[in-house]
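# Residue-level structure breakdown
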Amino acid sequence: MRATVAYIYTEHLRHNLREVRGRIAPRTKMCVAVKADAYGHGAVTCAKIAVEEGADFLAVAAVSEGAELRAAGIDVPVLLLSLCQPDEMDELVANDLTPLVCDADYGDAVASAVRRAGRQGYAVHLAVDTGMGRIGCYPRDAAALAGHIVGTGVLALGGMCTHFAVSDSPAPDDKTYTDEQFSRFSQAVAAVRAAGIDPGICHCCNSAATLERPECHLDMVRPGIIVYGYYPDGKPRAYYERRGIPIDLRPVMALVTKVAAVRPLERGMSVSYGRTWAAERDTTLGVLPVGYADGLFRRFAPVMRVGVNGKPYPIRGRICMDQCMIDLGADAVERWSAAVLFGPKESGAAQSAQELADATGTISYEITSAITRRVPRLYL
Ligand SMILES: *Cc1c(COP(=O)(O)O)cnc(C)c1O
């Protein structure tokens, strides 16, 4: 097997899921986001573990992702969080995925597919845009859309949802914005009820709101990133402790490779494309068989530190498509020693994906979900 692998600490995943489950009321359902291959961690294995740990629903972004879960025998309800094309809707229905309906036209397309399949009473959730500016109907149109959905004769309103734009921000303006989003959603739900239609399962909380806004949990929460071990918006654990929300999250993924070559590098020699770095003194170069085609972004150099034998080493020069180089200084490192790019403490990493994200102006989500397919996921 290739040296570059992503270890998935399944015990950490279970631990994080239990932390979430323990924060919500027993009657509140848990919908675990496993879109984008479970944020890069492997959808099928993570979904199975999530269901074992009490997930009532799963959430994906593409019909193909939902179909993958069904092919693996996973039979809990699966929400489709993004919109699909009309020509994907037969597959959507065949796989019993629950779409978010945001307008009459889209609802009609789902209804047609349900009729083609000879089915009825097919559950959809009505998405309300309360201020995310993405998908959903305006709150004032929710009752009419709910009426349209049940009026198709083949669709049932299984639930209603909205999505928060700034629930991870402690800024007073953002808190107010989230309050307003929640109140618009509550009004939309009330309007549907007033129209004599049962709104079904009501849900609006992503990870941040699951932690910070128990009053918004309603019937179901939709955590994603916290399940994979990262605090929303990269806030440190202490931030949540100060707010009276102690939660212990453990990163689930470690990206690991091996030192494929150890080479003396003479003073004055440059390393990699563009010759952005040259040795000021004689040193030792470690060559790692991992690069941006594995998801190790070029912008990680030069800030990233690679853990070898528990010590951090800097990347030298640009990260290439399939390789990168670290400076081992005067240390004697054996060829094929493990080199950890990021991960939880016990992986031997010099930093977590969160620290790497903070140092490179991105978010943990982008780092783990960008690890490409040629990196095997190994489940510990
Ligand atoms: C991705 C997603 C979530 C989960 O978001 P996290 O920030 O990872 O908790 C919840 N709801 C919707 C609609 C999403 O797209």
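Figured I'd write up the structure that's included with this text. As the structure is a prediction and not an experimental result, all values here were calculated from the model. Residue numbers here run from 1 along each chain, matching the order of that chain's written sequence. Where totals are concerned, whole chains, interfaces and linings use all residues; where local detail is concerned, this predicted model gives features only for residues with pLDDT of at least 70, and gives and counts side-chain atom pairs only at 80 or more. The basis for every side-chain value is the complete set of non-hydrogen atoms in the structure, without hydrogens or water.

### So, the sheet that holds strand β7 (residues 155–161)
One requirement defines pairing of two strands: DSSP has to find at least two bridges between them. By the criteria applied, helices consist of DSSP H or I runs no shorter than four residues and strands consist of E runs no shorter than two, each listed in order from the N terminus. The strand order around the closed barrel formed by eight strands is β2-β3-β4-β5-β6-β7-β8-β9, and the pairing between neighbours is parallel. Two elements, strand β6 (residues 122–127) and β7, share six bridges in a ladder whose sense is parallel. The residue bridging Tyr122 from the neighbouring strand is Leu155, located in β7. Helix α6 (residues 104–116) contacts β4 (78–80), β5 (97–101), β6 and β7 of the sheet and is inclined by roughly 155 degrees relative to β5. Strands β5, β6 and β7 of the sheet are contacted by helix α7 (residues 142–151), whose axis makes an angle of about 150 degrees with β7. Only heavy atoms matter for contacts: two residues are in contact if any of them lie within 4.5 Å across the pair. To obtain each axis, a line is fitted to C-alpha atoms, and for helices this fit is confined to the stretch in contact; angles are then taken between N-to-C directions over 0 to 180 degrees.

### Regarding α6
Because the α-helix completes a turn every 3.6 residues, residues three or four places apart line up on one side. The terminal C-alpha atoms of α6, which comprises 13 residues, lie 18 Å apart, in line with the 18 Å expected from a rise of 1.5 Å per residue. Only protein chains enter the accessibility calculation, which uses a 1.4 Å probe. A residue is then buried if its area is under 20% of the maximum for its type, exposed if over 50%, and partly exposed in between. Every buried residue of α6 is accounted for by Tyr106, Gly107, Val110, Ala111, Ala113 and Val114. Looking straight down α6, one finds its buried side chains confined to an arc of 160 degrees; they lie on one side. Away from its buried face, by an angle of more than 90 degrees, α6 presents the exposed residues Asp105 and Arg116. As for α6, its buried residues are in contact with β4, α5 (89–94), β5, β6 and β7. For α6, the N-terminal capping position is held by Asp103, with its side-chain oxygen 3.2 Å away from the main-chain nitrogen of Asp105. Backbone geometry just downstream of α6 places Gly118 in the positive-phi region, at approximately 70 degrees. Helix span, as expected, comes to 1.5 Å for every residue beyond the first. This arc is taken over the directions from the axis of the helix to the C-beta atoms. As used in this structure description, the phrase polar contact means that two N or O atoms lie within 3.5 Å; if the pair is within protein, one of them must be able to donate a hydrogen and the other to accept it, and residues adjacent in sequence are counted only when both atoms belong to side chains.

### Digging into the pattern of salt bridges
Any carboxyl oxygen of Asp or Glu within 4 Å of a side-chain nitrogen of Lys or Arg constitutes a salt bridge here. Scanning the entire structure with this criterion turns up 22 salt bridges. In this structure, Arg14 and Glu53 form a salt bridge, with 2.9 Å as the shortest nitrogen-oxygen distance. Taken together, the residues Arg14 in helix α1 (residues 10–23) and Glu53 in the loop between α3 (43–52) and β3 (57–60) connect sequence positions 39 residues apart. Here Arg14 matches Glu53 in class, with each residue buried. Among the ionic pairs, Arg243 bridges to Glu212, the shortest N-O distance being 3.0 Å. With a gap of 31 residues between them, Arg243 in the loop between α10 (237–242) and β10 (253–258) and Glu212 in helix α9 (residues 207–212) connect regions that are remote in the sequence. A relative accessible area of 11% places Glu212 in the buried class. It is possible to trace a salt-bridge network through shared partners that takes in Arg2, Asp294, Asp322 and Arg374.

### Remarks on the sheet that holds strand β17 (residues 324–327)
Across the sheet, nine strands lie side by side as β11-β14-β17-β16-β15-β18-β10-β1-β19; this open sheet has mixed pairing. Edge positions in the sheet fall to β11 (261–265) and β19 (377–379), since each of these pairs with one other strand and no more. Averaged over all pairs of adjacent strands, the angle between their axes in this sheet comes to 35 degrees, without regard to strand direction. One ladder, built from five bridges, connects β11 with strand β14 (residues 283–288); its direction is antiparallel. Paired with Arg263 across the strands is Leu285, a residue of β14.

### A short note on the nonpolar core
Membership of the largest hydrophobic core comes to 105 residues, with the highest contact counts inside it found for Val32, Leu58, Leu69, Leu126, Met160 and Tyr228. With six residues, the single largest contributor to this core is α3. Excluding anything up to four places from it in sequence, Leu126 contacts Val101, Cys137, Ala142, Leu145, Ala146, Ile149, Leu157, Gly159, Met160 and Cys161. We define a nonpolar core as any set of buried Ala, Val, Leu, Ile, Met, Phe, Trp, Tyr and Cys residues linked to one another through side-chain atoms lying within 4.5 Å. Of all hydrophobic cores here, the second largest spans 10 residues; its members include Cys31, Phe57, Leu79 and Leu81.

### Focus on the packing of aromatic side chains
Here is the rule: rings of Phe, Tyr and Trp (six-membered ring for Trp) pair when centre to centre is within 6.5 Å. Planes less than 30 degrees apart are stacked, more than 60 are edge-to-face, and the remainder are tilted. For the coordinates displayed, the defined rule picks out five aromatic pairs. For a Lys NZ or an Arg CZ to count as sitting over a ring, it must be within 6 Å of the ring centre and within 35 degrees of the ring normal. Just above the ring of Tyr138 sits the side chain of Arg140; from NZ or CZ to the centre is 4.6 Å. Positioned over the ring face of Tyr239 is Lys235, at 5.1 Å from the centre of the ring.

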